[in-house]
Amino acid sequence: MSSTITSPENKAGSQLRTQHDPDSQMATVHMRTDKPHTEPAEKDATAIVMEDLSSWYGSFQALKSISLNVRKNKVTAFIGPSGCGKSTLLRWINRMNDTIHSARATGNLHLGDLDLLASTTDVVDLRRKVGIVFQKPNPFPKSIFDNVAFGPRLHMKLRRNELLDIVEWSLRKAAVWDEVKDRLHAPALGLSGGQQQRLCIARTIAVGPEVLLMDEPCSALDPGSTLAIEELMNELRDQYTIVIVTHNMQQASRCSDETAFFFEGKLIEMNDTQSIFTNPANQKTEDYISGRFG
Amino acid sequence: MSDIDSQDDSNMSADDAEKPSKDGHIGEQSVSGPGGTPKTSLLEARDPDAFDKPTLITTRSRLAKDFRFRVMCILTACASVLILVFLLGSILGAGIPTLSWTLLTGTPEPEPENAGMWPALMGTLWVCTMCALITLPLGIGTAILIEEFTPRNRIARQVLALIQLNITNLAGVPSVVYGILGLTAFVSMFSLFDNSDNADGPSMEVGAVYYDQFSNVASDPFIDTGDTEAEERYFLFPVETRDAPSTVPKTGMLAYENSEGGLKEVEIIAIDPFADDAPTDADALSRTIDSTSDPGRISEKQWYYLRLPFGRGVVAGALTLMLVILPVIIISTQESLRAVPGTLRAGALGLGATPWQVVWNVTLPSAIPGIMTGSILAMSRAIGETAPILIIAGIVYIRSAPQHLMDDYTVMPLQIYNWTSRPQEEFHNIAAGGIVILLAILLTFNAVAVLIRHRMQNKLN
Ligand SMILES: Nc1ncnc2c1ncn2[C@@H]1O[C@H](COP(=O)(O)OP(=O)(O)O)[C@@H](O)[C@H]1O
Ligand SMILES: [Mg+2]
């Protein structure tokens, strides 16, 4: 199942991004803009490797021996009925589960050569590399600008114009710049739900992550905004490894390259999206995607 | 959103044999999330075979009930407002005529028409400012620790839970009890600092300079006229430490004269009280002292003067009031922190913020209006608190505003209490005047706070 754990590109990228010099940060940001990762060598590179990953909340086992690979610069969809552990799995990838006292995990989970489950892993740095977008848009009660600038300000000392550049870059990338450019200093809570969610995506990519985790990013949005986010994901897949949890089968089939189906904490089936939706290997998968349950 | 919930419901129940199965339609009606209470009883009640047709409650009777409840609410609201209006009216009626500049800026005097509450006003200001400076950081910090930095360690969590239980209970303890605690803990400090050579003085001091005072000289060098300040002149001599051997005054010794222009260095003339060679010119006379006089001592204390134990000073009062309001501040801060949505914290954490960055940049800014409201209510309580101050400071006759942190003080409620306990009617009236001043201060305080709070809330949204 596991191929190479270490990908050299990945390592180089993260080293570049961990430099704290503001100028080099800017250089990094622009470099990423200018150079989408489309070289064939990277096509099948693995970003995240899970082996025998199990997870518990107290004595309740939420994940049962999950092994899968998430490929670099692809969109991977996690589908499955509610409570099957999709969010739990997602939250292990950037260790958001650390905030839940009863949560613990065993097995292997690696991002590049970084052991994500090790207690010595610097979670603050990890979350910079692995951004997360939640189901409900959660902009801070601050201005639009301050929302996007929040992450960069946490990690870097930036001059005003550098910050402005990053904010504009992120908002453009998240396809919301045109709608907010005239009111950057207006409260973010005044935006519509879809705009708020794109703002949250902008906020996440502003810190320069490699991986984007999205936990049902569209389920609180209207169809129009959902479409906008899906288009955005298509745009972003060139530069980010995206993992999306969704309840929407059409969404999974439309935007993902690979799909993993979970049921009661177990990985039932993972394959490229095309095959999962046209020709599932497992009966459960077929039942689920054809809407017979869940 | 609700679509997804209902999906969850039906799906969970399909998997879980314990839960009664329900069809999709009822699932959609159900308001509870996954694992909520089953609503099968509703289904049965609607089954026409199982029950007779239910009798409908008429709209009219429901409206009547609504009306009765509304009247009750209005009546209770009116009752409390009426009581307040009556109290305020009678106080304002008695107090406003006695309001005068003297009442505000004067010192407490035996004659009601000259009496004022300046020392009490300043005492309240000193004690409450100190109290706020100590209590707010402490209380808010504790609340942040409990709410935002809950440890992963189970034992540490249980210790915190115990602390929480204590705090909740302490909020209900009568303030007199805190007064007694303050008396032992702060005023006398459990007698830890008592030592035998120095039974009445403090055992540790910083920030005070002492001068030995040889004598009072008036027109007659050997008669201590004492009581009238105008006639007093002090000869002062600085000593290194207060334990230095007492200095016997000698002619030629340098001393400080405490005169109008401040301290002036002069040379002492010491003479035998029974000799008749006393100088006659006024300047020499002012430097002449009785050579047998026993040096007294006067001190000059700075604002940073500190002594242990605290004694009946401003700091002891502030700390005792801290005991009274700390639980209130902690609890109200906790409530405001809890009201900040967890999604905001998760958002900040997900961007790589450290727990402290989350608190400082996200949680605190959102919670500040609530924290301020709680703090203001608590401070208002501190300003009005009488019982603990009565215990630790007692009713003392204070003629001046506190000059330093260890100075004796009195507070407004205590001064008012003092006046109301006098037999003369006039004192009762100026007490009412004092209450009006106290109320005005409280209202100003609250108004300013409400304003700031409003500003902040507007900025957030
Ligand atoms: N904080 C928690 N404490 C205890 N159990 C939890 C917690 N979060 C989730 N669970 C349980 O873990 C299981 C998986 O949850 P989750 O990962 O949220 O599922 P999904 O995202 O697939 O709907 C569920 O049964 C849920 O009840
Ligand atoms: Mg979920």
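Coordinates for the structure precede this section.
Procedures and definitions
Sequence positions are assigned chain by chain, starting from 1 and proceeding in written order. Lettering for chains starts from A, numbering for ligands starts from 1, and both go in the order in which the items are written. The predicted origin of the model limits local features to residues at a pLDDT of at least 70 and limits the giving and counting of side-chain atom pairs to 80 or more, whereas totals for whole chains, interfaces and linings rest on all residues. To get the side-chain values, all heavy atoms of the structure are used, and hydrogens and water are removed first. Note on patches: the residues involved have over 30% relative accessible area and no salt bridge, like charges join within 9 Å, and the nonpolar side chains Val, Leu, Ile, Met, Phe, Trp and Tyr join within 5 Å. Here the accessible surface of atoms and residues is derived via Shrake-Rupley with a 1.4 Å probe, and residues count as covered only by protein chains that are part of the display. The working definition used for a salt bridge is a side-chain nitrogen of Lys or Arg within 4 Å of a carboxyl oxygen of Asp or Glu. The helix and strand labels rest on DSSP assignments: H or I over at least four residues marks a helix, E over at least two residues marks a strand, and numbering proceeds from the N terminus. Exposure classes here rest on a 1.4 Å probe applied to the protein chains alone. A residue is buried below 20% of its type maximum, exposed above 50%, and partly exposed in between. Polar contacts, as counted here, are pairs of nitrogen or oxygen atoms within 3.5 Å of one another; within protein the pair requires one atom able to donate a hydrogen and one able to accept it, and residues that are adjacent in sequence qualify only if both atoms are side-chain atoms. For this purpose, a residue is taken to be near a molecule or strand whenever a single non-hydrogen atom of the residue falls within 4 Å of it. Pairing between two strands requires that DSSP report at least two bridges joining them. Axis definition: a line fitted to C-alpha atoms, limited for helices to the stretch in contact. Angles are taken between N-to-C directions and run from 0 to 180 degrees.

**Let's talk about a nonpolar patch on the surface**
Line of reasoning, step 1. Taken together, the side chains of Leu-84, Leu-88, Leu-92, Ile-96 and Leu-99 of chain B present a nonpolar region at the surface, about 410 Å² in accessible area.
Line of reasoning, step 2. Take Ile-96 of chain B: it is sitting in the loop between α4 (59-95) and α5 (101-105).

**A short note on the side chain of Arg-95 of chain A**
Residues and elements named next belong to chain A.
Line of reasoning, step 1. Mapped onto the secondary structure, Arg-95 falls in the loop between α3 (86-93) and β4 (103-111).
Line of reasoning, step 2. Using a relative accessible area of 7% as the deciding quantity, one classes Arg-95 as buried.
Line of reasoning, step 3. Engagement of the side chain of Arg-95 in a polar contact is seen with the backbone oxygen of Leu-116, the distance being 2.7 Å.
Line of reasoning, step 4. Within the structure, Arg-95 has its side chain in polar contact with the backbone oxygen of Ala-118 (distance 2.9 Å).

**Let's talk about the site of ligand 1**
Residues and elements named next belong to chain A.
Line of reasoning, step 1. Around ligand 1 sit Tyr-57, Phe-60, Ala-62, Ser-82, Gly-83, Cys-84, Gly-85, Lys-86, Ser-87, Thr-88, Arg-91 and Ile-100, and those are all the residues in its vicinity.
Line of reasoning, step 2. At 3.1 Å, a backbone N or O of Gly-85 approaches an oxygen atom of ligand 1.
Line of reasoning, step 3. Here an oxygen atom of ligand 1 sits 2.4 Å away from a polar atom, N or O, in the side chain of Thr-88.
Line of reasoning, step 4. Out of a free accessible area of 560 Å², ligand 1 has 65% covered by protein chains.

**Description of the sheet that holds strand β6 (residues 130-133) of chain A**
Residues and elements named next belong to chain A.
Line of reasoning, step 1. Strand order in the open sheet formed by 6 strands is β6-β7-β8-β3-β9-β10, and the pairing between neighbours is mixed. Bordering the open sheet on either side are β6 and β10 (266-272), each of which pairs with just one other strand. Neighbour-to-neighbour, the strand axes of this sheet turn through a mean angle of 15°, independent of strand direction.

**Focus on unusual backbone geometry**
Line of reasoning, step 1. In the segment running from Leu-308 of chain B into Pro-309 of chain B, the intervening peptide bond is cis, with an omega of -10°.
Line of reasoning, step 2. Along the chain, Pro-309 of chain B turns up in the loop between β7 (296-308) and α10 (314-338).
Line of reasoning, step 3. In the Ramachandran plot, Asn-73 of chain A falls in the positive-phi region, its phi being about 55° despite a non-glycine side chain.
Line of reasoning, step 4. The residue Asn-73 of chain A is located in the loop between β2 (60-71) and β3 (75-79) in this model.
Line of reasoning, step 5. Under the relative-accessibility criterion, Asn-73 of chain A is labelled buried at 14%.
Line of reasoning, step 6. A positive phi angle, near 55°, is found at Phe-190 of chain B, a position not held by glycine.
Line of reasoning, step 7. Looking at where Phe-190 of chain B falls in the secondary structure, it is placed in the loop between α8 (175-187) and β1 (204-216).

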